[in-house]
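As a plain string of letters, each chain reads:
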Amino acid sequence: MRNRTCLTLLGVLTAATALAQTEPQKSPPLATVTPPPNVQTAGKIPAEKSPPPLTSPVAQTQGEITTPTPEDKNPQPPFDTRNMDTSVKPCDDFFLYANGGWIKRTPIPPEYSRWGSFNQLIEKNNDALHDVAERAAKETTATGPDAKKVGDYYASGMDEAKVEVAHARPLADELKRIDGVKDRNDVLKEIAHLHTLGVTSLFGFTSGQDDKNSTMVIAQAYQGGLGLPDRDYYTKTDDDSKKLRDQYVQHVTKMLTLLGEEPKAAGEHAKKILALETSLAQASRTKVELRDPQKNYNKMKTSALQALTPDFKWDAYFKETNLPNPGELNVGQPDFFKGANKVFASTSIDAWKEYFRWHLVHATAEELSADFVNENFNFYETTLRGTKQIKPRWKRVVASTDSSIGEALGKLYVADYFPPESKARMLDLVNNLRSALADRIKTLEWMDEATKEAALKKLAAFTVKIGYPDKWRDYSALQIDRGPFVLNAIRASIFDVHRELNKIGKPVDRSEWGMTPPTVNAYYNPKLNEIVFPAGILQPPFFNPKADDAVNYGGIGAVIGHEMTHGFDDQGRQFDEVGNLRDWWTPESAAKFKERSGAVVKQYSEYEPLPGLHVNGELTQGENIADIGGVKIAYAALQKALAGKPQEKIDGFTPEQRFFLGFAQIWRSVQRDEDLKLMVNTNPHSPARYRVNGPLSDLVEFQKAFNLPDNCPMVRPADKKVNIW
Ligand SMILES: [Zn+2]
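These numbers were taken from a predicted model, which means no experiment stands behind them.

Basis of the calculations
- What you see as residue numbers is a count from 1 along each chain, following the sequence as written.
- Local features are withheld for residues below a pLDDT of 70 in this predicted model, meaning they are given only at 70 or higher, and side-chain atom pairs are given and counted only at 80 or more; totals for whole chains, interfaces and linings count all residues.
- Neither water nor hydrogens contribute to the side-chain values; these are computed over all heavy atoms in the structure.
- Going along the chain from the N terminus, every DSSP run of H or I of four or more residues is numbered as a helix, and every run of E of two or more is numbered as a strand.
- Contacts are residue-level and defined by heavy atoms, with any inter-residue pair within 4.5 Å sufficient.
- Using a 1.4 Å probe, accessible areas were evaluated by the Shrake-Rupley method; residue-level cover was limited to the displayed protein chains.
- Working definition: rings of Phe, Tyr and Trp (its six-membered ring) pair if their centres are within 6.5 Å, and the pair is stacked with planes under 30 degrees apart, edge-to-face with planes over 60 apart, and tilted otherwise.
- Between buried and exposed lies partly exposed: a residue is buried under 20% and exposed over 50% of the maximum accessible area for its type, with that area taken using a 1.4 Å probe on protein chains only.
- Two thresholds decide whether a charge sits over a ring: the Lys NZ or Arg CZ must be within 6 Å of the ring centre and within 35 degrees of the ring normal.
- Any pair of N or O atoms that falls within 3.5 Å is considered a polar contact. Within protein, one atom must be able to donate a hydrogen and the other to accept it, and sequence-neighbouring residues count only if both atoms are side-chain atoms.
- Should a side-chain nitrogen of Lys or Arg be within 4 Å of a carboxyl oxygen of Asp or Glu, the pair is scored as a salt bridge.
- Residues belong to one nonpolar core when they are buried, are Ala, Val, Leu, Ile, Met, Phe, Trp, Tyr or Cys, and are joined through side-chain atoms within 4.5 Å.
- Strands were regarded as paired on the criterion that DSSP finds at least two bridges between them.
- Axis definition: a line fitted to C-alpha atoms, over the contacting stretch in the case of helices. Angles run 0 to 180 degrees between N-to-C directions.
- Put simply, a disulfide is two cysteine sulfurs that come within 2.5 Å.
- Note: pLDDT gives the predictor's confidence per residue, expressed from 0 to 100.
- Take the residue count of a helix, subtract one, and multiply by 1.5 Å to get its expected span.
- Throughout, the arc means that of the directions going from the helix axis to the C-beta atoms.

Re the overall build of the chain
Helices and strands together make up the secondary structure of the chain, namely 25 helices and 10 strands. Sequence-distant contacts, at least 24 apart, represent 74% of the contacts inside the chain between residues at least 6 apart. Surface accessibility of the chain: about 25,700 Å² in total, with carbon and sulfur atoms responsible for 53%.

Right under this line is the structure:
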């Protein structure tokens, strides 16, 4: 299901906005900044699924391939010089110099909207998960409750004949409930009911850490209720945006038609749904506004929330969701709730019913029959991302299993595929990076002593999580059987929502993870002051036990440095060592930080990945600060690791050069224009080319490693170089 209530994330590392991830892929992890994690998850598109934000301006999509190229299956050298394009000079465009050979010979597989290092590793993990799930499904003897759940869930999804015959019938009870809505009181109850299913409706409601009391969980109400990827998709007036809204109306029409409505009536209903969502979008904050944690922290009594929404009775809402009055809660965007109240009170009962049907079928489309699956793919993947072909069924069912019972699947995965030695080696790397960042903080010329002391305290307090959780999620209360598939997904979602709401008023469990173990990603969560590296990313080309130090420091080292820097980016720096939103900076140091981060915003706003489409320097500033700081700190850590050792060249490159080549290769990718556009509009990460060329053009270490003259495009003038961490 989509729109699952995921933890809280920051708009970070990718998704909805709360965590800071390395790559924007699936649902976000926990969170960072913006309080409610899912703030933007509403439109499911953003971070979920497809991986990273890569881009390749140069990539040509000639013939497309169905399966990854053979090279992906064979062992690769840690850095493969055949991937380079030496006709490009490192002085002009390092991203292409390091990756241009690979880009030239790599078409985007039709089932992807972008293809690169992250995706290749995801495919490798998919094969492993496929194997794990197939074995679990065939197991006839008892192998433990987790394997049984994974096997049953996966088997229910793979039983295509059963899924096809069932069509939308498994939703009958839910659709009947919606048909029975008669008055505004019923509308309220249905909104609450859909929330218990994890289905988008009017606004978002979950639990989350109290930003100013990091030991406690409180209720969180936040903006939401949309079906498009972001509020801007409803409010922009350019031709492309108008066309996309027309296509959205057509999509909603088709989905309602599949539920049995007459096409003409469905078309009218879809327009009303767009109007309703547009009103919500107009009351919503932009993604940039959601980056300000202070502004999104508005703790109040439920009576104060009630005053914001005179027509929406919260007592009835809490009763329906089975929540005792949560006492004080955080209302992320109070103005949104004023607007939502108007929408609630003024929209016709019939329009509400259509909106509920739409969001129910939207949330469950991927687990329904092929007509729903394909129509959903046509709009969310083909129209919005340019993806040409749907993934084979087993990959979609594996993804659904990961999304629904990811820690059960992940437990089986790490048992077979995660070597324990990897954890020890990673801990070493993390400690070396931590020590390099501490050295750097101590010598920062722009930060005063009092702030340095607090920064070092925060750094020393970082929690590090590697591979998989120490304590696995207990799914024993969740019923999973051999079908219908969609009901397994709905029950898993109900289980998740209940799990989240059940935390309200209780102490924070600091052992939880915001990503599943097979995920190819990493994140920093400022609220727990922790950096987290799932098993899925601890493989080549990021982390390669057989590689020289230079390539590992350039790969996973830069990822570690990136996550650490998030603790000190424009959002992360506002949280203290135990995760409280508390200003620990002196005014002088804060002013100097802002001056420098302003320069980062300026630098990236200059980049223009498609004609007329510039990177949003404000939206991406946290990730850009982390990219610049991450590679710089990883380089410093490499220097310490190399000290006193003989410096041999490999393939003609010094360790320093291989460090930067190893860094560039983790971002190699080719991307469709549609996906690139969606990414620039909604994703807090810069496109891949700028994740390489942006940071390196700021680094004197890079200039020196390749002996570049001052007047190179890859060398920013001294007065324009950005240097924070
Ligand atoms: Zn990040």
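After presenting the structure, the write-up continues.
Concerning the packing of aromatic side chains
Taken as a whole and assessed by the stated rule, the structure comprises 53 aromatic pairs. With centroids separated by 5.0 Å and ring planes inclined at 35°, the aromatic side chains of W584 and W585 adopt a geometry described as tilted. On the basis of relative accessibility, which here comes to 9%, the residue W584 falls in the buried class. Judged by its relative accessible area of 7%, W585 falls in the buried class. One Lys or Arg, K458, reaches over the ring of F568 and ends 5.6 Å from the middle of that ring. When the ring centre of W585 is taken as origin, the NZ or CZ atom of R573, which lies over that ring, is 4.6 Å away.

So, the side chain of Q539
As for its position among the elements, Q539 is in the loop between β9 (530–534) and α19 (549–566). A relative accessible area of 12% means that Q539 is categorised as buried. Side-chain polar atoms of Q539 contact the backbone oxygen of G536, separated by 2.9 Å. Non-local contacts of Q539, meaning those with residues more than four positions away in its chain, are made with L121, K124, N125 and Y413.

Some thoughts on the pattern of salt bridges
Throughout the structure, instances matching the rule amount to 47 salt bridges. Linking R135 and D416 is a salt bridge whose minimum nitrogen-to-oxygen distance equals 2.7 Å. On the criterion of sequence distance, the pair formed by R135 in helix α2 (residues 117–138) and D416 in helix α15 (residues 393–417) is long-range, its members being 281 residues apart. One salt bridge in this structure joins R716 and E606, with 3.7 Å as the shortest N-O distance.

Thoughts on the environment of M84
Relative to the assigned elements, M84 resides in the loop between β1 (20–21) and α1 (94–105). M84 sits 581 residues away from Q665 along the chain, and the two C-alpha atoms are 9.3 Å apart. Not counting chain neighbours up to four residues away, the residues in contact with M84 comprise F79, Y97, A98, N99, G100, G101, F653 and L661.

Quick notes on the environment of E111
One can find E111 in the loop between α1 and β2 (114–116). The class for E111 is buried, based on a relative accessible area of 6%. In sequence terms E111 and T382 are 271 residues apart; their C-alpha atoms lie 9.6 Å from each other. At 2.7 Å, the side chain of E111 and the side chain of K395 are in polar contact.

Examining the nonpolar core
The biggest cluster of nonpolar side chains holds 192 residues, and the ones touching the most others in it are F94, F205, F660 and W725. In this view, F94 contacts F660, L661, A664, V692, N693, L696, F702, F706 and M714; residues no more than four positions away in its chain are not counted.

With respect to unusual backbone geometry
The amide bond that connects G483 to the next residue, P484, takes the cis arrangement and shows omega of 0°. With respect to the helices and strands, the residue P484 is situated in the loop between β7 (463–467) and α18 (485–501). With omega at 5°, the peptide bond leading from P540 into P541 counts as cis. With respect to the helices and strands, P541 occurs in the loop between β9 and α19.

Considering the sheet that holds strand β5 (residues 299–301)
If you trace the four strands from one edge of the open sheet to the other, you get β3-β4-β6-β5, paired in mixed fashion. Edge strands, defined here as strands with exactly one partner in the open sheet, are β3 (203–210) and β5. Direction aside, the axes of adjacent strands within the sheet are offset by 40° on average. Two elements, β3 and strand β4 (residues 213–223), share eight bridges in a ladder whose sense is antiparallel. Following the sheet pairing, Q209 is matched in β4 by V217. Packing against the sheet, helix α12 (residues 334–346) makes contact with β3, β4, β5 and β6 (328–331), and its axis sits at approximately 35° to β4.

A word on the state of the cysteines
Summed over all chains, the structure comprises one disulfide. Disulfide pairing places C91 opposite C712 at an S-S distance of 2.1 Å. Handedness here is read from the sign of the S-S torsion; for C91 and C712, about -115°, the answer is left-handed. Of this pair, C91 sits in the loop between β1 and α1 while C712 sits in the segment after α25 (700–705), and the two are 621 residues apart along the sequence. Since its relative accessible area comes to 4%, C712 is described here as buried.

A word on the confidence of the model for the chain
Confidence in the prediction for the chain averages 90 pLDDT; 89% of positions are at 70 or higher. Per-residue pLDDT stays below 50 along residues 4–18; that stretch engages in 112 contacts with residues further than four places along the chain or on separate chains. Low pLDDT, under 50, characterises residues 24–72; the predicted model gives this stretch 235 contacts beyond four residues in sequence or across chains.

Here we look at helix α17 (residues 449–460)
With 12 residues, α17 extends 16 Å between its outermost C-alpha atoms, agreeing within 8% with the 16 Å of an ideal straight helix rising 1.5 Å per residue. Of the residues making up α17, those classed as buried are T451, K452, A455, K458 and L459. Buried residues of α17 fall within an arc of 125° about the axis and therefore sit on the same side. When the buried face of α17 is taken as reference, the exposed residues oriented beyond 90 degrees from it are E449, E453, K457 and A460. Those residues of α17 hidden inside the fold are in contact with α16 (420–443), β8 (523–525) and α20 (587–605).

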